[in-house]
Every structure is written in C-alpha cells, then in structure tokens.
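# Structure assessment
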Amino acid sequence: MFRVITCITTQHDPYLVVLAAVVCLFAAITALGLAARAVAAERSVRLAWIAAGALAAGIGIWATHFVAMIAFRPGLPHGYDLGLTVLSVVIAMVLCFAGLWLALWRDPQSERLLAGGAVLGFGISAMHFIGMAALRIPADIHYDPTLATAALIIGMVFGALALHTAFRKLSLTRLIVGALLLMLAICGMHFTAMASAVLTPNPAIVMPPGLLSPAWLSLYIAAASIAVLSLGILGAAIDRRIAARFAVEAGRFEALASAALEGILIHSRGLIVDANEAFARLVGSTPEALIGTRALDIVAPEHHPLVSTPESFRNAELIEIDLIDREGNRHPVEMRGRAINYQGRSARVSAVRDLAERRQAEERIRHMAHHDALTGLPNRTLFRDRLTQAVARAARSGEAVAVLCLDLDRFKSVNDLLGHPSGDALLAEVAARLTETLREMDTVARLGGDEFAIVQVGLRQPENAASLAHRLVKEMALPFDLDGQEMVIGTSIGIALFPSDAQTPDDLLKNADTALYRAKAD
C-alpha cells in the first residue's frame, strides 16, 4: 500500500491524477447509466443499450489510463506505439461488452452480475497491461508479481461489486454507488499496477520513429472524452424521452387498472410490487399498503402450491383459490396469471375475479332446485333423497324410519274466502310451525299444494311417530292469524314405517300417502 501511495505522489502529476479520477467517474456514471437502460428495455433493443454502455466504459477506461500515463513522470523521453494503443481501447470495449452482456442480457441475478463485473474488471487489467506494452521508453520494464496480481484482483473484485450494487436493484443512489465502485476498480487497478512496474534505464534501447507523443495522445484523449460526453448527453436525452413515454403509458395503465372491475396484482420473487384498487378492496387493504408484502400471505395455505406453480402462469391457466383479508375472512376468487417483464425485472401479473356473487347465485339456484319457493322447505326431489339416505342407514343399523304424510283440512275454504295470497301466507305459517315442532335431524318437506311429508329417524317406532302425529294435530288446530282474520284449520296424517310397512323409499311414501287418505276419509 505504501508503495502505491509513493508511486502516486512522487511519480505522477497530482493535478492530472485528479483529472484522471474525474474522467473515470464521469465515464463510469455514463457507462452504468446507459447500461441501466438495458435492464428496463425489451429484449429486441437490450443489446444496443449494452453495446452503448460497453462503448462508454471502454473509452472511459482507456481515457483514464492514458490521462494517468500523461501524469506519469518517468524522467526519460517516451512515446506510445499507435497499434498497441488502438488495440488497448478495442480490448477494453470488447471485454466491457462481454461483462455487461453476461450481467444484463437476462434479468439481473446476483451470480450473473458478479461474474459479469469480474469480466469487466479483467478487461480493465487487460487494457492497462496492453497500454503499458504500448509505452516506448529507453528502459527495461519489469513487474512485481505480487502487486501485479493484486492489481488484477482489485479490478475484478471492485468490478463485480460495481455491477452487483448498481443493477441488483435499480435506483439512482445504487447507480451512483456502483459508479464510485467502478471508479475504484479502474483507478485502484491502474495505480497498483503502475506501482508494480519497475523501470531500469537501458541506453541500448533505441526509440523507434513514428511514436505517438504525449501531446498527440492528449488530443486523442480529449476526443475520447468528448465521445463519452456525447454518449452521456445522447443517453440522457433518449432516457428522458423513454421516461416520458413510460410515464404516459404507466399513467394510462394505472387509469385502466383502477377502472377495471377485476382485481390486478403484480408480484415478483414472492413480493407484491403493484396492485389496483379492485384487488386491494377484495382483501380489505390499499394498493400502497400491499406493495412490498408477501403475496402468499393473502392466499389460503392450502392453495399455496397452486399459485406457486410456474406452469400455471406460463400457460395462463384459470384456477380457483381463496384469498384471505386482514380480518382473516376468506374470499373465493378465480385467477389467471401470466409472466411479464415489469420495470426491468421478471414478474407475474394476476387477474383476479371475485366469485362470491357467482357462488351465491349458484347456491340460490341449487337451493331453488331442491326447495319449495313459497315455504323454503325441501321439495319432493330433496325429500326423496333424504328418505333414501335414511332408509339406507336404517337398513345397516337395524333402526326404524317413520314417514308421515300431512294434508291440511279446509285449506280450499281459505283460498275461496280470502284469496290465494292468504292461502300462500297460511302455507308459510304451517311450514314454520312444522319446522319448530320437529327435531333438527328430521326432515319436513312440501310435496305440493297443501300436502307435506316428514321423515322421522333414530327413535322407537311406532310410539314416537304416533306421539309426533298427535302433537302436529294439536299444533295445526290452533288458530292462524291471516291479516287480522282468524282462521282455524286442521290436518290429517298418514304414517308408514320402515321396515314393517315397506322396504323401499317409494313404497314407504306410497303407503304413508294411502294412510293419509284413509285418515281423511275417517
């Protein structure tokens, strides 16, 4: 370290060293700024941005090296071989392109960024030693292997850190820090390598004609610096236009997303990066509060495998899952996902549709298909299904099943005297009384008109069926209030038992119906 500091302070012009650092920092900012556009660009133009960044980086490294070489004061006449000087800048641009391509051609990942930065750092070293080979001076040049190796390591390590810092997560602050690290890679490598060089004067060495003098080299460096400056200005102008267009498109997208009835969610690497108002309302939150949270936190645990499967997003499959809101309530949704490139990184966008209303509609339709619209009781279809299940269980357990068929007495008189609306109100009140009289495990249904049926299970028979029938006769004999008009009706009941009266559900219901008509006749 002391040797490097001594090399800088005693063998270099301090003003030109500062100039070299300034050129280096400006070139690093320009190069990384141009390369940053590759991260957010489509694949079709990404290569062009990488090439622009490599061009700025290569020229900047070359200009830094030769400004520092002009600052170098060996105390002997010297010049530069034109061919090797040109080769050094070409090598710098080629290896910078290789490093940036490796790091940025696909979505930035830590291992690719570090590897690409190491390649870029190797390019810094290659440019330096080829540039040193271009130096013509009446002296023998030897290198301290320890310091030369240290210079190579400095270039590769700081180069790797520069790209990883700048592009792992894009922001202006990280880009500036990355540029500072790249400047350390270039300047640290250069001056460490210069400290490793030992010049031994040798009068026998003859200076060849046609060498590039430091004065002419200064002009070339000025031209290179202007080129880097132009690239920076051009990149900034293009970036401003792209940013303006992106802002318009982003605003349009946000307006469309906010107006969409479907919920829209964008997440990357397990974290939510954006969501619209419809989705936020669905989970009882706001778009701002959702950003940065884990996407799986709002998905029911049993559905995690469904949303974590890449194939479902690759094939845009339609899946049904439950979302969980802040209160822990579940919301059934239908979701279709797709992989996208969002703000320069791979992400997934999910369109989410609330299924609550559809499920409720389906449940209403299912209820209507199995229940009486007037009374809400099971209809004949559901009653027969319940009876079939009860008979099957009783056959296995050896229990009895009772079927009671009921028919209202004097119901036609109510319709004739008070009209059908009153008759409907009477049927609804009868259904309520029947439901209150029965146990939860029993089933009462309206089979049609004023005819009802009951399935009684799990009791000793015929005693309990007879007891229930007596209670129902008393209950139905109580007056009914129909819009202020007191009406008194009655009911007739027929009973059939399984297995003593019938062996099948149909025969059981048929025999209970026959018993009902016997009761009405009596």
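Look a little higher up for the structure.
All figures in this text were calculated on a predicted structure; none of them were measured in a lab. (Residues numbered from 1 in each chain as written. Predicted model: local features only at pLDDT ≥ 70, side-chain atom pairs only at ≥ 80, totals over all residues. Heavy atoms only, no water.)

## Quick notes on the overall build of the chain
- Counting its secondary structure elements, the chain contains 18 helices and 15 strands.
- Every one of the 522 residues in the chain was classed for burial, and the buried ones make up 44%.
- The contacts in the chain between residues at least 6 apart in sequence include a share of 68% that link residues at least 24 apart.
- Within the structure as shown, the chain displays about 26,200 Å² of accessible surface, and the carbon and sulfur contribution to it stands at 62%. (Helix = DSSP H or I, 4+ residues; strand = E, 2+ residues; numbered from the N terminus. Buried < 20%, exposed > 50% of the residue type's maximum accessible area, 1.4 Å probe, protein only. Contact = heavy atoms within 4.5 Å. Areas by Shrake-Rupley, 256 points an atom, 1.4 Å probe, with all protein chains shown as cover.)

## Concerning the nonpolar core
- L32, L100, L104, I124, F167 and L182 are the most contacted members of the largest nonpolar core, which has 45 residues in total.
- Going through the elements one at a time, α2 (14-40), α3 (43-71), α4 (82-104), α5 (110-133), α6 (145-167) and α7 (172-196) are the ones with two or more residues in this core.
- At 11 residues, the largest contribution of residues to this core is made by α7.
- Here L182 is in contact with A28, L32, L120, I124 and A162, once residues within four sequence places are set aside. (Core = buried A, V, L, I, M, F, W, Y, C linked by side-chain atoms within 4.5 Å.)

## Here's the deal with the packing of aromatic side chains
- By the definition in use, this model includes 1 aromatic pair.
- Look at F129 and Y143: their rings are 5.4 Å apart centre to centre, the planes differ by 75 degrees, and that puts the pair in the edge-to-face class. Here F129, found in helix α5, pairs with Y143, found in strand β3 (residues 139-143); they are 14 residues apart in sequence, far enough to count as distant.
- For F129, a relative accessible area of 26% translates into the label partly exposed.
- Classification of Y143 by relative accessible area gives partly exposed; the value is 31%.
- For R433, the ring lying beneath its charged end belongs to F480, and the centroid distance is 3.6 Å. (Phe/Tyr/Trp six-rings, centres within 6.5 Å; stacked < 30°, edge-to-face > 60°. Lys NZ or Arg CZ within 6 Å of the ring centre and 35° of its normal.)

## Comments concerning the sheet that holds strand β15 (residues 490-498)
- Overall, antiparallel pairing links the 4 strands, which are arranged β11-β12-β10-β15 in an open sheet. Only two strands of the sheet have a single neighbouring strand rather than two, namely β11 (443-448) and β15. Here the average twist between neighbouring strands, direction ignored, is 20 degrees.
- Bridge analysis of β11 against strand β12 (residues 451-457) gives 5 bridges, and the strand direction is antiparallel. Following the sheet pairing, V444 is matched in β12 by I454. (Pairing = 2+ DSSP bridges. Axes fitted to C-alpha atoms, helices over the stretch in contact; angles between N-to-C directions.)

## Concerning unusual backbone geometry
- Here the bond from Q461 into P462 is cis, since omega is 10 degrees, no more than 30 degrees from zero.
- Following the sequence through the fold, P462 ends up in the loop between β12 and α17 (463-477).
- With an omega of 10 degrees, the peptide bond between F498 and P499 qualifies as cis.
- With respect to the secondary-structure elements, P499 resides in the loop between β15 and α18 (505-521).

## Quick notes on the packing of α6 against α7
- Orientation of α6 relative to α7, taken along the N-to-C sense of each, is 175 degrees, at an axis distance of 8 Å. What the angle tells us is that α6 and α7 run roughly antiparallel.
- Along the lines of polarity and charge, the residues of the contact of α6 with α7 split into 19 nonpolar, 8 polar and 1 charged. (Parallel < 35°, antiparallel > 145°, perpendicular 65-115°, else oblique. Nonpolar A, V, L, I, M, F, W, Y, C, P; charged D, E, K, R; others polar.)

## A few points about the pattern of salt bridges
- One pass over the full model with this rule turns up 11 salt bridges.
- Its salt-bridge partner being D322, residue R330 comes within 3.2 Å of it at the nearest N-O pair.
- Residue R330 is classed as partly exposed on the basis of its relative accessible area of 42%.
- One salt bridge connects D407 with K520, and the closest N-O pair in it is separated by 2.9 Å. (Salt bridge = Lys/Arg side-chain N within 4 Å of Asp/Glu carboxyl O.)

## Structural notes on the environment of L497
- Note on placement: L497 falls in strand β15.
- Classification of L497 as buried rests on a relative accessible area of 10%.
- Each C-alpha atom, one on L497 and one on A402, is 4.6 Å from the other, the two residues being 95 residues apart in sequence.
- Ignoring anything within four residues of it in the chain, the contact list for L497 reads V401, A402, Q461, P462, A465, A502 and L508.

## So, the packing of helix α14 (residues 380-397) against α18
- Contact pair α14 / α18: the axes reach a minimum separation of 9 Å and the direction vectors enclose 115 degrees. Taken together, the axis directions place α14 and α18 in an arrangement best described as roughly perpendicular. Handedness of the α14/α18 crossing: right-handed. Residues R380, F383, R384, L387, T388 and V391 of α14 pack against P505, D506, L508 and L509 of α18. (Left-handed = near helix turned anticlockwise from the far one by under 90°.)

## Brief notes about the side chain of T375
- One can find T375 in the loop between α13 (356-370) and α14.
- Of the polar contacts made by the side chain of T375, one reaches the side chain of D372; its length is 2.7 Å.
- At 3.2 Å, the side chain of T375 and the backbone nitrogen of L377 are in polar contact.
- Those residues in contact with T375 that sit more than four places away from it in its chain are L427, A428, A431 and R446. (Polar contact = N/O pair within 3.5 Å; in protein donor to acceptor, adjacent residues only side chain to side chain.)

Remember that the coordinates give geometry; whether it matters functionally is a separate question.
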